[in-house]
Amino acid sequence: MNAIGGTFLLLGLSLASFYLFPSGLPQPTDFVLLPFIASMLLVALRDDRGLLHHRFMLAWLALVAWVTLVCLGWVVVYQDRGFLLYLLFVLYNFLLGVSLLRFLMSVPSALALIRGGLVIALAVAFGGVALDLLLGRVRATGTFNNPNQLAFFSLCSLVILLASFDFRPPLRPLPLIGAACAVGNILAASSLGAMSGLVLVTLGWLVAGMGQLRHLLRIALLVPLLLMAVVGFDAVTGGRIEHNLTARFDRAPEKVDGIYEDRQYQRMVIFPQYNLLGAGEGSRERFAPYGKAEIHSSFGTMLFSYGVPGLALFLTVLALTVWGAPPHAWLMLAGPMLYSVTHNGLRTTVFWLMLVVLWYCLHRPVDQAGHVANVGRPWREGRA
């Protein structure tokens, strides 16, 4: 069963950057990953490996339960099934997260498989980016529907790659290709939020390598290589990346000044009654003329759509992901969360997979010799 699940997981992750349908709808990867979820949940009926013995999973389950309650409540009030679409994303991401954790706890090669799938997805997106830049498009979208999807996916995937190598990736083809594609995608998308997050992730990587000389030497060699790769790629594509970055940075002050209105934060101030228990994410006509678009913030969406309990549970999940971890792990998580201040990434599946991989890599057991023990029984009872 693990072999079947692993096959669908590898295929699903490889297709994760390929968007075929409009934004807000399931994509091909979501359907491919369904057999993986089914297979892992089936084996969990026999042995769940203590998945719910950890506060991280319990907090996530509580968040899902609260979101479900809010969505069903508004379905009853407004007789609008549109709320259920957002609930389906929440349920799907949770079940996939549970399945991935079960797979990680059962299969010694799970991290290698995840790395392989994500590097393929990053390379596919990078191929689309190269085509965009050669065609002279202002901001690359790659194989996604918009630049921000490309940037957030690449940022979260980069964190997963780094975490899977204990935040100290070796100088091997797979991590080098993955990191180069991720960085290239983020720069080509010219997302200010993602580039700011990339700075924090890079800082976390640098801090993680400070403890040993060989890691410092690896960093000293890798940074120039990545810079030369980006500069060379930019030259091949006619300097489009440099042009886009210059234009975006010139607009940065304007973007910062307009965050309150552009990101729909005013909705939380004009309709404060919904901040307590949540308004759900459907029937935005209630907020006219301030309901044309969703709130462009994961934190803002959690507060306004699912109230103080929803935001508190979401922050608890984030905190438990890196609780007790060294500073570089907090910096790694801070990168995608900085992006989430001005963008809503809650429906992005790779974001939740990033939390699972981060938690697993930071809390998996080690034996007395310091080697990772890939056992399935609950570990660190009573801790995150």
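What you are looking at is a predicted structure, and each value in this text was computed from that prediction instead of being measured.

Student: Would you mind going over the overall build of the protein chain with me for this structure?
Tutor: Helix and strand content of the protein chain: 17 helices and zero strands. For the protein chain, restricting intrachain contacts to residue pairs at least 6 apart in sequence, the fraction spanning at least 24 positions comes to 76%. A total accessible area of about 16600 Å² is found for the protein chain, and carbon and sulfur atoms account for 69% of it.

Student: I would appreciate a short explanation of helix α6 (residues 110–134) in the present structure.
Tutor: Because the α-helix completes a turn every 3.6 residues, residues three or four places apart line up on one side. The end-to-end C-alpha separation of α6 is 36 Å, in line with the 36 Å expected for 25 residues at 1.5 Å each. At the exit of α6 stands G136, carrying a positive phi of roughly 80 degrees.

Student: Would you explain the packing of aromatic side chains in this entry?
Tutor: Two aromatic rings, taken as a pair, are described by how far apart their centres are and by the angle between their planes. Counted under the stated rule, the structure contains 20 aromatic pairs. Following the ring pairs from residue to residue traces out a cluster consisting of F56, W60, F94, F152, F299, F314, Y339, F351, W352 and W359. When the ring centre of F165 is taken as origin, the NZ or CZ atom of R115, which lies over that ring, is 4.1 Å away. Taking the ring centre of Y274 as reference, the NZ or CZ of R286 above it sits at 5.6 Å.

Student: So what exactly am I meant to see when it comes to the packing of helix α7 (residues 147–164) against helix α17 (residues 349–363) here?
Tutor: In a pair of packed helices, the angle between the axes and the distance between the axes together describe the arrangement. In the contact formed by α7 and α17, the axes pass within 9 Å of each other and the chain directions differ by 15 degrees. The angle between α7 and α17 falls in the class roughly parallel. Note on packing geometry: the crossing formed by α7 with α17 is left-handed. Residues F152, F153, C156, S157, V159, I160, A163 and S164 of α7 pack against V350, F351, L353, M354, V357, L358 and C361 of α17. Split by residue class, the contact of α7 with α17 holds 13 nonpolar, two polar and no charged.

Student: Would you take a moment to explain the pattern of salt bridges for this structure?
Tutor: Evaluation of the coordinates by the stated rule reveals three salt bridges. The residue R168 makes a salt bridge to D166 at a minimum N-O spacing of 3.3 Å. In this structure, R347 and E281 form a salt bridge, with 3.8 Å as the shortest nitrogen-oxygen distance. In this pair, R347 sits in the loop between α16 (327–339) and α17 while E281 sits in the loop between α14 (274–277) and α15 (298–321), placing the two residues 66 residues apart along the sequence. Relative accessible area serves as the criterion here: at 25%, R347 is assigned to the partly exposed category. Linked through salt bridges whose partners overlap, the residues forming this network are E281, E294 and R347.

Student: What is the right way to look at the side chain of S340 in this model?
Tutor: Tracing the chain through its elements places S340 in the loop between α16 and α17. Residue classification places S340 among the buried residues on the basis of a relative accessible area of 1%. In this view, S340 contacts F152, S297, S298 and F299; residues no more than four positions away in its chain are not counted.

Student: How should the nonpolar core be read in this particular structure?
Tutor: The nonpolar side chains of a soluble globular protein tend to be buried, and buried together. With 116 residues, the main nonpolar core has W60, I114, F314, F351, M354 and L355 as its most contacted residues. Here the element with the most residues in this core is α17; it accounts for 13 residues. Those residues within four positions of W60 in sequence are excluded, and the remaining contacts are N93, F94, G97, V317, W352 and V356.

Student: Whenever I open this one, helix α4 (residues 55–78) confuses me. Can you help?
Tutor: Its 24 residues place the ends of α4 34 Å apart at the C-alpha level, agreeing with the 34 Å of an ideal helix rising 1.5 Å per residue. A positive phi of about 50 degrees marks Q79, the residue just after α4.

Student: Quick question: what am I supposed to make of the packing of α4 against α17 here?
Tutor: It is at 11 Å that the axes of α4 and α17 come closest, and there the two elements cross at 160 degrees. Classified by the angle between their axes, α4 and α17 sit roughly antiparallel to one another. The residues of α17 that touch α4, namely those facing F56, W60 and L63, are W352, L355, V356 and W359. Residues of the contact of α4 with α17, tallied by class, amount to seven nonpolar, no polar and no charged.

Student: Explain unusual backbone geometry here, please?
Tutor: Outside of glycine, negative phi angles account for most residues, and trans bonds account for most peptide bonds. Of the consecutive residues A288 and P289, the connecting peptide bond is found in the cis state with omega at 0 degrees. Take P289: it is sitting in the loop between α14 and α15. One non-glycine residue, D166, adopts positive backbone phi at about 60 degrees. Within the secondary structure, D166 is located in the loop between α7 and α8 (173–189).

Student: What should I look at first to understand the confidence of the model for the protein chain in this one?
Tutor: Close inspection of predicted coordinates is inappropriate for parts of the model with low pLDDT. Predicted confidence across the protein chain gives a mean pLDDT of 87, with 90% of residues reaching 70 or more. The model gives residues 367–384 a pLDDT under 50, and that stretch makes 42 contacts with residues more than four places away or in other chains.

Student: Before we go on, may I ask you to explain the environment of L174 in this structure?
Tutor: Looking at where L174 falls in the secondary structure, it is placed in helix α8. Among the residues examined, L174 registers a relative accessible area of 34% and is labelled partly exposed. Each C-alpha atom, one on L174 and one on V119, is 7.2 Å from the other, the two residues being 55 residues apart in sequence. Excluding its chain neighbours within four sequence positions, the residues that come into contact with L174 are R115 and V119.

Rules and cut-offs
Residues numbered from 1 in each chain as written. Predicted model: local features only at pLDDT ≥ 70, side-chain atom pairs only at ≥ 80, totals over all residues. Heavy atoms only, no water. Helix = DSSP H or I, 4+ residues; strand = E, 2+ residues; numbered from the N terminus. Contact = heavy atoms within 4.5 Å. Areas by Shrake-Rupley, 256 points an atom, 1.4 Å probe, with all protein chains shown as cover. Expected span 1.5 Å × (residues − 1). Phe/Tyr/Trp six-rings, centres within 6.5 Å; stacked < 30°, edge-to-face > 60°. Lys NZ or Arg CZ within 6 Å of the ring centre and 35° of its normal. Axes fitted to C-alpha atoms, helices over the stretch in contact; angles between N-to-C directions. Parallel < 35°, antiparallel > 145°, perpendicular 65-115°, else oblique. Left-handed = near helix turned anticlockwise from the far one by under 90°. Nonpolar A, V, L, I, M, F, W, Y, C, P; charged D, E, K, R; others polar. Salt bridge = Lys/Arg side-chain N within 4 Å of Asp/Glu carboxyl O. Buried < 20%, exposed > 50% of the residue type's maximum accessible area, 1.4 Å probe, protein only. Core = buried A, V, L, I, M, F, W, Y, C linked by side-chain atoms within 4.5 Å. pLDDT = per-residue confidence, 0-100.

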